[in-house]
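Examination of the molecular architecture
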Amino acid sequence: MIPWNEIERKWRNIWASQKEFEIEPDHRPKKFVTVAYPYPNSPQHIGHGRTYTLADVHARFLRMRGFNTLFPMGFHYTGTPILGMAKRVQEGDRELIENFEKIYHVPQSTIKEFVEPVKIADYFHEEIKQGMIEMGYSIDWRREFTTIDPVYKKFIEWQFRKLKSLNYIVQGSHPVGWCPKDQNPVSQHDTQGDVEPDFTEYILVKFHLDGMIIPTATLRPETIFGVTNLWINPQITYQKVKVDDEIWLVSPECARKMEFLNKTVSLIQEVPGSEFVGKHVTIMDKNIPIFPASFVESQTGTGIVMSVPAHAPFDYQALVDYQKKDPTINITPISIIRTDEFGEIPAKEIVERLGIKDQDDARLDEATNEVYSKEFYSGVLRENTGRFAGLKVSDAKEEIKAWLAESKNSDVLLELNNGPVRCRCGAECVVKLLNNQWFLNYLDQSWKDKANLCFERMSILPNEIRTEFNYVVGWLRQRACARQHGLGTNLPWDQGWIVESLSDSVIYMAYYILAKYVNARELSADNLTDEFFEFVFFEKGNASEISARCKIQEKTLSRIRYDFAYFYPVDARHSGRDLVPNHLTFFVLNHVAIFPENLWPKQIVVNGSVLMDGKKMSKSMGNIIPLRKAISDYGADPIRLAIIISAELLQDADFNLESVNTIKSKLETIYDDCIKYKSGTSPSMQLEDKWILGKLDSLITQTTGAIEKMRLREALHHILFSFESDLQWYLKRTEAKGRTDISGILHRILSVRVAMLSPFAPHIAEEMWERLGNPGLASRSEWPRAINEADKIAMQSEELLQSTIEDIKNVLKVTKISPQKIILYTADSWKSKAFQKIAKSVISGQTNIGAIIKDLIADPETENIKKDPDFVKKSVNSILAESIEMRKIRADTEPIDEGRILASELSGLVKKEFAVDIQVFAESDPSKFDPKNKARMARPFKPALYIE
């Protein structure tokens with residue numbers, strides 16, 4: 001049993017004492033690997049461990065490939081979440097306090113201090129840091145910082161002045177996600193469940209009734225010409241409200257939403273929806289009835305819906321249902337859009353095609369999406385739409401929207417489309433139209449173009465997520481970059497505002513270079529000016545003048561500049577998929593805004609989340625395991641491997657304790673082997689030695705390629721499991737020969753596997769490396785390189801031996817014979833020649849059986865194929881079933897002497913496994929023993945078999 005915690009502690013102490021991860025510029029090429037820094041409002045759990053472990057594996061791998069690899073870490077204090085938590089502690093929030101006590105095991109005396117936000121951040125900062133150290137992350141802790149450190153604030157002030165000078169920060173009235181309790185804009189980090197508030201602009205079409213406005217919300221203003229009626233829910237109590245200088249009828253939820261959109265809203269009276277059933281509204285000389293509908297929801301839109309039954313499947317089905325209840329209602333859908341895909345009434349057509357029977361049918365959503373999509377992209381407005389007739393729907397939408405606004409027949413409603421979204425303080429968020437707010441103008445097309453160019457040039461892993469970044473850049477608009485509450489840096493030109501938490505975490509990777517000097521007290525905030533940052537990042541200005549003004553030694557200033565020039569740009573940025581729509585995209589946008597092209601990021605690596613036994617981790621499910629507790633219970637390395645081996649990058653990793661135990665068992669086996677074998681060389685290389693070393697080279701090549709693509713699950717599977725069957729075959733072969741000279745080969749194999757295991761399971765790999773008697777540290781060793789060109793004879797020979805043994809086993813399993821005699825028949829030489837030619841044909845792309853047969857018959861060496869045409873089909877299938885590497889070997893290498901190999905190499909194996917001798921004959925041997933005429937069935941690498 002491995003003493004996991006003891007071994008891990010031993011190697012952590014060694015790394016620390018040797019300052020193993022304290023990285024300075026040197027002669028080697030560099031790599032700068034960063035990962036999204038944590039927000040310290042709770043300890044990290046198993047789920048958090050995935051992103052950081054992937055980044056650490058990457059950094060360790062790059063070091064072993066010869067790169068001087070920097071992997072730093074900071075802590076994100078800014079924003080409102082910690083503020084909200086402190087308020088909840090002040091208010092005695094039982095649920096939060098119980099989470100601290102029962103899940104995170106925070107002492108009660110410490111929880112009492114959590115009324116101060118920074119106390120929360122400081123406590124969990126240390127918890128997270130200790131967890132990272134215990135996980136073996138190869139972090140240069142000299143570069144640690146928090147986003148409320150004084151020098152960091154100076155860095156943010158410089159960044160924001162820079163952005164403003166480039167006209168990328170603007171002031172105006174724009175919509176934002178908003179917490180009405182905290183009175184602050186909210187983004188992903190401010191909400192429960194880390195949900196980014198996403199909102200949609202609805203057009204409010206104004207219908208009129210007795211001097212009152214009846215507004216309805218729509219995403220399709222062009223359908224105004226097809227409205228036949230309104231729907232109102234008679235069960236809802238609506239509000240008659242004064243909105244600025246108009247009287248409106250809306251749901252209570254809508255009235256509240258309008259208060260946040262720069263409207264003055266006051267309640268006049270409450271009115272039941274039933275009072276309006278049967279009444280008529282007007283718009284642009286049209287007289288339209290109001291019908292009752294229970295499907296209308298109070299919280300959606302205005303609580304009143306305009307009905308366009310020709311083009312909206314929900315409206316069509318609701319009208320059909322209503323007319324069934326009241327046959328006197330005679331409403332005919334009005335068709336206003338023509339498409340090639342649909343006839344006169346698209347909604348009717350698709351409802352009938354799908355067999356939809358009522359409004360509760362879930363397929364109405366599918367029907368709606370299909371009609372809306374086809375009409376938007378290929379629809380044209382009909383003649384009954386007046387001056388808009390003939391316009392494509394995609395073009396007409398904005399024109400009709402402007403026309404309605406100009407004629408005072410519309411307004412705008414902004415609504416969360418992924419609600420309800422709750423702030424961390426517990427309040428439900430809304431959309432607010434902020435006045436005089438400061439925004440990053442991500443709507444700027446030239447800025448978007450630069451970002452798209454960066455994304456186009458950079459590596460994105462996995463590549464299939466690239467389109468998500470393109471999509472995000474496309475829809476991004478102005479984003480609030482300041483708020484009036486929270487921890488952080490004051491906006492330098494408007495001290496009443498604080499820089500928003502995502503906006504101050506976009507180019508902080510550059511600050512890691514400075515942080516080492518801040519922590520060594522060689523830099524302080526007191527005298528730092530923008531010209532300091534301009535010199536460090538762009539080498540602008542005179543070093544001696546800047547050092548004098550900023551009271552920094554000139555050699556220190558020059559050294560900081562040198563460090564930055566050496567380490568920048570970021571070579572790999574790791575983060576979770578949930579940060580694609582915000583942080584990761586902002587990371588690129590802000591880099592391309594501030595830095596020249598040679599300093600733009602080189603790579604982004606994105607991973608999915610972590611499930612626990614197939615379920616999402618949540619406090620309510622009770623399946624959150626704090627990372628440090630898991631390390632204490634199971635060991636860091638088994639946790640690292642269990643997280644990695646359960647999924648590739650974008651997949652959700654399913655962590656479970658069964659996989660942890662399987663990995664532990666596997667590691668313990670390798671650990672035990674590491675003391676058995678000594679380094680050295682075999683006196684002579686036999687067939688199986690050449691083969692296993694070729695397989696070892698394949699393992700190195702496959703594993704290296706997988707890690708370079710960040711396919712870490714695949715890489716780990718190669719190291720731990722795929723190679724195992726090859727190794728067991730080798731041991732079986734050598735044991736059958738009674739060999740005792742393989743210690744050196746096994747030592748080399750183990751050393752390679754342990755070295756490649758080192759980035760994944762660094763602690764136990766170091767212990768194994770030491771047990772093997774290898775010098776230095778595994779993590780400092782050179783990444784293994786394939787050094788032998790595969791011995792083609794050995795590869796084919798061992799494949800022949802393995803497949804033949806399997807064939808014997810399969811026959812014995814089916815026949816249940818206790819063998820007394822095993823006889824093998826090898827194929828005639830013309831078949832071997834034919835097989836080689838067939839392999840060449842397959843490689844060239846020719847798999848037509850007739851064409852191959854014709855080609856073979858034309859060659860005197862292989863013309864005998866006409867006696868056995870079925871041979872070609874079987875050969876093509878067997879070649880296609882092999883790896884590309886083996887196909888090439890079959891085609892390029894002269895046929896091996898199968899008879900000699902089987903006779904000399906297989907006899908010991910068969911004798912050991914089946915307690916019987918074998919005989920080997922050539923198919924055409926006149927003296928062969930072949931009572932069942934089996935020899936004629938022999939094919940290359942597939943000897944015929946007779947057992948009695």
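The rules behind the values
- Residues numbered from 1 in each chain as written.
- Predicted model: local features only at pLDDT ≥ 70, side-chain atom pairs only at ≥ 80, totals over all residues.
- Heavy atoms only, no water.
- UniProt positions renumbered as here; feature names shortened; annotations may be inferred.
- Pairing = 2+ DSSP bridges.
- Helix = DSSP H or I, 4+ residues; strand = E, 2+ residues; numbered from the N terminus.
- Axes fitted to C-alpha atoms, helices over the stretch in contact; angles between N-to-C directions.
- Expected span 1.5 Å × (residues − 1).
- Contact = heavy atoms within 4.5 Å.
- 1 Å grid on protein atoms, 1.4 Å probe; cavity = no way out; pocket = protein on both sides within 12 Å on 5 of 7 lines; lining within 4 Å.
- Points joined across faces, edges and corners; volume = space filled by probe spheres on them.
- Nonpolar A, V, L, I, M, F, W, Y, C, P; charged D, E, K, R; others polar.
- Parallel < 35°, antiparallel > 145°, perpendicular 65-115°, else oblique.
- Buried < 20%, exposed > 50% of the residue type's maximum accessible area, 1.4 Å probe, protein only.
- Right-handed = clockwise from strand over helix to strand, strands pointing away.
- Phe/Tyr/Trp six-rings, centres within 6.5 Å; stacked < 30°, edge-to-face > 60°.
- Lys NZ or Arg CZ within 6 Å of the ring centre and 35° of its normal.
- Core = buried A, V, L, I, M, F, W, Y, C linked by side-chain atoms within 4.5 Å.
- Salt bridge = Lys/Arg side-chain N within 4 Å of Asp/Glu carboxyl O.

The name recorded for the protein in an unreviewed UniProt entry is Leucine--tRNA ligase, from Candidatus Nitrosotenuis uzonensis. Checking UniProt for the protein, the heading Sequence similarities (unreviewed entry) contains the comment "Belongs to the class-I aminoacyl-tRNA synthetase family." What the UniProt record of the protein gives under Subcellular location (unreviewed entry) is the line "Cytoplasm".

**Description of the sheet that holds strand β2 (residues 68–70)**
Taken in spatial order, the 5 strands make up an open sheet running β2-β1-β23-β24-β18, and their pairing is parallel. Looking along the sheet, the strands with just one partner apiece sit at the ends: β2 and β18 (459–461). Pairs of neighbouring strands in the sheet enclose a mean axial angle of 15°, with direction left out of account. The sheet contact formed by β18 and strand β24 (residues 603–607) spans 3 bridges and is parallel. Of the residues in β24, the one forming a bridge with Ser459 is Gln603.

**Quick look at helix α13 (residues 445–457)**
With 13 residues, α13 extends 18 Å between its outermost C-alpha atoms, agreeing within 8% with the 18 Å of an ideal straight helix rising 1.5 Å per residue. Residues of α13 that are buried make contact with β17 (430–441), β18, α14 (466–475), α19 (580–594) and β24.

**Overview of empty space enclosed by the protein**
Empty pockets left among the atoms are what a rolling probe the size of a water molecule brings to light. Evaluation of the coordinates by the stated rule reveals 3 cavities of 30 Å³ or more. Empty space within the largest cavity amounts to approximately 280 Å³. Taken together, 21 residues line the largest cavity, and the ones lying closest to its centre are Glu196, Pro197, Phe199, Gln478 and Arg479. Those elements that provide at least two residues to the lining of the largest cavity are β3 (169–179), β19 (478–480) and α19. The class makeup of the residues in the lining of the largest cavity is 11 nonpolar, 4 polar and 6 charged. Roughly 90 Å³ of volume is contained in the second largest cavity. Lining the second largest cavity, in full, are Gln796, Ser832, Phe835, Gln836, Arg890, Thr893, Pro895, Ile896, Glu898, Pro940 and Phe941. The greatest single-element share of the lining of the second largest cavity, amounting to 3 residues, is contributed by helix α28 (residues 829–843). Residues belonging to the lining of the second largest cavity are distributed by class as follows: 5 nonpolar, 4 polar and 2 charged.

**A word on the sheet that holds strand β29 (residues 918–922)**
Spatially, 3 strands are ordered β29-β28-β30 in an open sheet, and the strand pairing comes out mixed. In this open sheet, the two edge strands, each paired with only one partner strand, are β29 and β30 (944–947). The mean angle between the axes of side-by-side strands here comes to 20°, regardless of whether they run parallel or antiparallel. Across 4 bridges, strand β28 (residues 822–826) lies against β30 in antiparallel orientation. Note on β30: the bridge partner recorded for Ile823 is Tyr946. The strands touched by helix α27 (residues 792–815) within the sheet are β28 and β30, with β30 carrying the most contacts at an inclination of about 40°.

**Overview of the packing of helix α7 (residues 150–165) against helix α16 (residues 530–538)**
It is the contact of α7 with α16, at a shortest axis distance of 10 Å, that shows an interaxial angle of 80°. Put simply, α7 runs roughly perpendicular to α16. For the pair α7 and α16, contact is made by Val151, Lys154, Phe155, Trp158, Arg161 and Lys162 and by Asp530, Phe533, Glu534, Phe537 and Phe538, respectively. Looking at the contact of α7 with α16 residue by residue, the class counts come to 6 nonpolar, no polar and 5 charged.

**Examining the layout of surface pockets**
Size it by volume and the largest pocket reaches roughly 1,700 Å³. Lining of the largest pocket is provided by 50 residues; of these, His45, His48, Gly193, Asp194 and Arg424 occupy positions nearest its centre. Breaking the lining of the largest pocket down by element, the ones donating at least two residues are α2 (46–64), α3 (81–90), α4 (94–103), β23 (572–576) and β25 (610–612). Among the elements that make up the lining of the largest pocket, the one with the highest residue count is α2 (5 residues). Estimated volume of the second largest pocket: approximately 1,000 Å³. As for the second largest pocket, its lining consists of 28 residues, of which Tyr202, Ala217, Leu219, Thr368 and Tyr372 are closest to the centre. Elements with a minimum of two residues in the lining of the second largest pocket: β6 (212–218), β13 (304–307), α9 (313–325) and α11 (363–378). No other element matches α11, which puts 5 residues into the lining of the second largest pocket. Of the residues contributing to the lining of the second largest pocket, the split by class is 14 nonpolar, 8 polar and 6 charged.

**Considerations on the pairing of strand β1 (residues 30–35)**
The element β1 is extensively covered by neighbouring structure, given that 5 of its 6 residues are classed as buried. Considered for its hand, the β-α-β crossover made up of β1, α2 and β2 is right-handed. Relative to β23, β1 is paired through 3 bridges, and the arrangement is parallel. Looking at the pairing, Val33 lines up with Ala572 of β23.

**Digging into the packing of aromatic side chains**
With the rule as written, the count across this model stands at 54 aromatic pairs. Ring geometry for Tyr508 and Tyr512: centres 5.9 Å apart, planes at 70°, overall edge-to-face. Residue classification places Tyr508 among the buried positions, given a relative accessible area of 1%. Overall, Tyr512 belongs to the buried group, its relative accessible area being 0%. The ring of Trp493 carries the charged tip of Lys164 above its face, separated from the ring centre by 5.2 Å. One cation-aromatic arrangement involves Arg573 over Phe587; the distance from NZ or CZ to the ring centre is 5.7 Å.

**A look at the nonpolar core**
Phe100, Phe155, Phe532, Phe537 and Phe760 are the most contacted members of the largest nonpolar core, which has 226 residues in total. Not counting the four nearest positions on each side in its chain, Phe100 is found in contact with Asn41, Met85, Val89, His105, Val106, Ile111, Phe114 and Phe124. Leu230, Trp231, Met306 and Leu381 belong to the second-largest nonpolar core, a separate cluster that totals 41 residues.

**Structural notes on the pattern of salt bridges**
Applying the stated criterion across every chain, the model contains 72 salt bridges. A salt bridge links Lys206 to Glu246, with the shortest nitrogen-to-oxygen separation between them at 3.0 Å. Here Glu246 lies in strand β9 (residues 246–250) and Lys206 lies in strand β5 (residues 199–209), a separation of 40 residues in the sequence. Of the residues examined, Lys206 reaches a relative accessible area of 6% and is grouped as buried. Within the structure, one salt-bridge network assembled from shared partners comprises Glu688, Asp689, Arg733, Lys737, Arg739, Asp741, Glu798 and Glu905.

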